[in-house]
Structures are given as C-alpha cells and as structure tokens.
Amino acid sequence: MTYENLIVERDGRVARVVFCRPHVLNALSRATIAELDAVIDELASDDSVGALILTGAGDKAFVAGADIGEFNLLCSASDAAAFARRGQAVLAKLEALSKPVIAAINGFALGGGCELAMACDIRLAADTARFGQPEVNLGIIPGYGGTQRLARLVGEGRAKWLCMSGEMIDAPEALRIGLVDRVVPAAELDQAARVLAAKLSTKAPLALALVKRAIHEGLEGSLASGLAHEAALFGEVFDSEDRAEGVNAFLDKRKAAWRGR
Ligand code: COA
C-alpha cells in the first residue's frame, strides 16, 4: 500500500513508520490519521513484522500536534466530538496492536504528537525533544487521549500542570516524570530505536502480545482483577507451542524458533 503522509520502511522484522509532513512539523491531518489506521491494519496482519518504530521526518519534530489548519472545518460540537473519537479509536488500535511499538521522539511531541507517543509501548527521546499539551493555548483541551493517558503515565498533578499551563518540557524533565523511558543524544536516537526494535522483534510473538494485553488491560481495573487476568493469560501462553519450544531450546542450549502459536 502507498501512503502520502507516511513513509513505511522495513528492515528485517522491524517496520519503521515515519510521519512525513515537514512543512507543518509533521502535524496530524485527518488524512494522516486515516493512513495511520490503514498502516496499523497492514502491519498487524503481516507475520514478517515483529516490532514497529514510529518517528517523525527531519530533525525538528516528531509530531507537532493535530493539524490546526483543519480545525475550522469542524463546524459543531458533534463534529468536534466525532473528530476526537476518530483519533482516539486509531490510537487505541495502535495501543492494542499485538506487537511492540517504539516511539522514537526526534523533536517536538506536542498535543496529538504527545498523545501519539503515549499510545506507543516504549518512548525513546532525543535529548533535543520537547513535549507538551498546548491545546489550552488554542482555547481547547486535548482530544486524542491526552487527559487520560498523561494522567495515568505521570500522575494527576503533573498531567494537570502540563494540560492547564500548556507549557513545554524538555527531554530530561520528561524522563524525570516518566513521560519517556530513555533519553539519548539526538544523533543516536535512530540507531537506539532500531537496536531495541530488532531485539524485541526476536522475542516470542505470542508472549509479546499477551504481556502487552496483561499490562494494558490490567491497568483498567483493580489489582485483584489484573492478577486474575494475568493468571488466565499465563495459562493461555503456557498452552502454546512457543512455550514448549522456548523451554526445550533452553534445555538443549539452542536458539528458539518461534512459531507465534
Ligand atoms: N498544525 C498546523 N501547522 C503547524 C502545526 C500544527 N500543529 N505546528 C506547526 N505548524 C506549522 C507552522 O504554522 C509553520 O507553518 P508556516 O511555515 O506556514 O508558517 C510551520 O509548521 C513551522 O512552524 P513554526 O511555528 O514556524 O516553527 P517554530 O520553530 O517557530 O515553532 C512550535 C515550533 C512547535 C513551537 C510551533 O509551531 C507551535 O506552537 N505549533 C503548534 C503546536 C500545537 O499547538 N499543537 C497542538 C495542536 S492541538
């Protein structure tokens, strides 16, 4: 499939999706959201892809938010709510993808860009990256999950601070509050993301899918229900061919050959 706003590259079992609208700092147009939706479906059903990297074109921005130039097309409250629901649905699909997704944050991650990064599994940031939910500066609020995922990731007070002040924070501060998982020099970001994605792409696919579900779905409820869910998924993965292969490969001192079932 070809895309106008995304570049999709393959390197072994790693797919790299580059948001490419540099004239607007890779802002998410409605067409870009539709393409993201399509590329998730494409990569989800491709067994040759074991991990994804999302990043932005150029060295200035990851994604600088939703495309503000399209906001005046939203003519009513219900139009705007539907716009938010559409973006939320695509990011929820990304979050639920059964493969690891790494955000390689190479510059501004603002508004929808910060929300996109938060829907990924692991966030690596360049030391030059900057983060924020600046919607309040436009008289609006985050609509692609920012109020919800940010509060879960960094806590209520910090989420309110960021969303109410509209302030940007730098990469070391994002690391300190838990918004990103690792910061590397900008020149090393691409390689660091590729190395991590390649490593994850060699792991047992079913185990990766189920550990992701256990964490995401477990966070929705109480500790007790999360533990029950973990036990059920542990049972499911224990019943798999990959569990037999993984254990036998360890005992035979050889590399496991995963089948994803
Ligand atoms: N939507 C549409 N266009 C955007 C955009 C967005 N979210 N973010 C940046 N752009 C455009 C700018 O309008 C500018 O276009 P122009 O060259 O036609 O004037 C171009 O991208 C470059 O941005 P510019 O503002 O000149 O770069 P800068 O280095 O001075 O500032 C930012 C960078 C990110 C601080 C600034 O662009 C900004 O505040 N962007 C909006 C971020 C935002 O509010 N996002 C949430 C949206 S809900």
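Read on for an overview of the structure. (Residues numbered from 1 in each chain as written. Predicted model: local features only at pLDDT ≥ 70, side-chain atom pairs only at ≥ 80, totals over all residues. Heavy atoms only, no water.)

Re the site of the ligand
- Neighbouring the ligand are 16 residues, the closest being Lys 60, Ala 64, Ala 66, Asp 67 and Ile 68.
- In the environment of the ligand, an oxygen atom lies 2.7 Å from a nitrogen or oxygen atom belonging to the side chain of Lys 60.
- Protein chains shield 57% of the accessible area of the ligand, which is 850 Å² for the free molecule.
- In the shell around the ligand, the residues fall into twelve nonpolar, one polar and three charged. (Near = heavy atom within 4 Å. Polar contact = N/O pair within 3.5 Å; in protein donor to acceptor, adjacent residues only side chain to side chain. Areas by Shrake-Rupley, 256 points an atom, 1.4 Å probe, with all protein chains shown as cover. Nonpolar A, V, L, I, M, F, W, Y, C, P; charged D, E, K, R; others polar.)

So, the packing of helix 8 (residues 205–218) against helix 9 (residues 223–238)
- Contact geometry of helix 8 with helix 9 gives a least axis separation of 9 Å together with a crossing angle of 170 degrees. Classified by the angle between their axes, helix 8 and helix 9 sit roughly antiparallel to one another. Of the residues in helix 9, those in contact with Leu 206, Ala 207, Leu 210, Arg 213, Ala 214, Glu 217 and Gly 218 of helix 8 are Gly 226, His 229, Leu 233, Glu 236 and Val 237. (Axes fitted to C-alpha atoms, helices over the stretch in contact; angles between N-to-C directions. Helix = DSSP H or I, 4+ residues; strand = E, 2+ residues; numbered from the N terminus. Parallel < 35°, antiparallel > 145°, perpendicular 65-115°, else oblique. Contact = heavy atoms within 4.5 Å.)

Let's talk about the sheet that holds strand 4 (residues 61–63)
- Sheet architecture is open: four strands sit in the order 4-6-8-9, paired in mixed fashion. Each edge of the open sheet carries a strand with a single partner, namely strand 4 and strand 9 (169–170).
- The sheet contact formed by strand 8 (residues 130–132) and strand 9 spans two bridges and is antiparallel. Bridge pairing in strand 9 places Phe 131 opposite Ile 169. (Pairing = 2+ DSSP bridges.)

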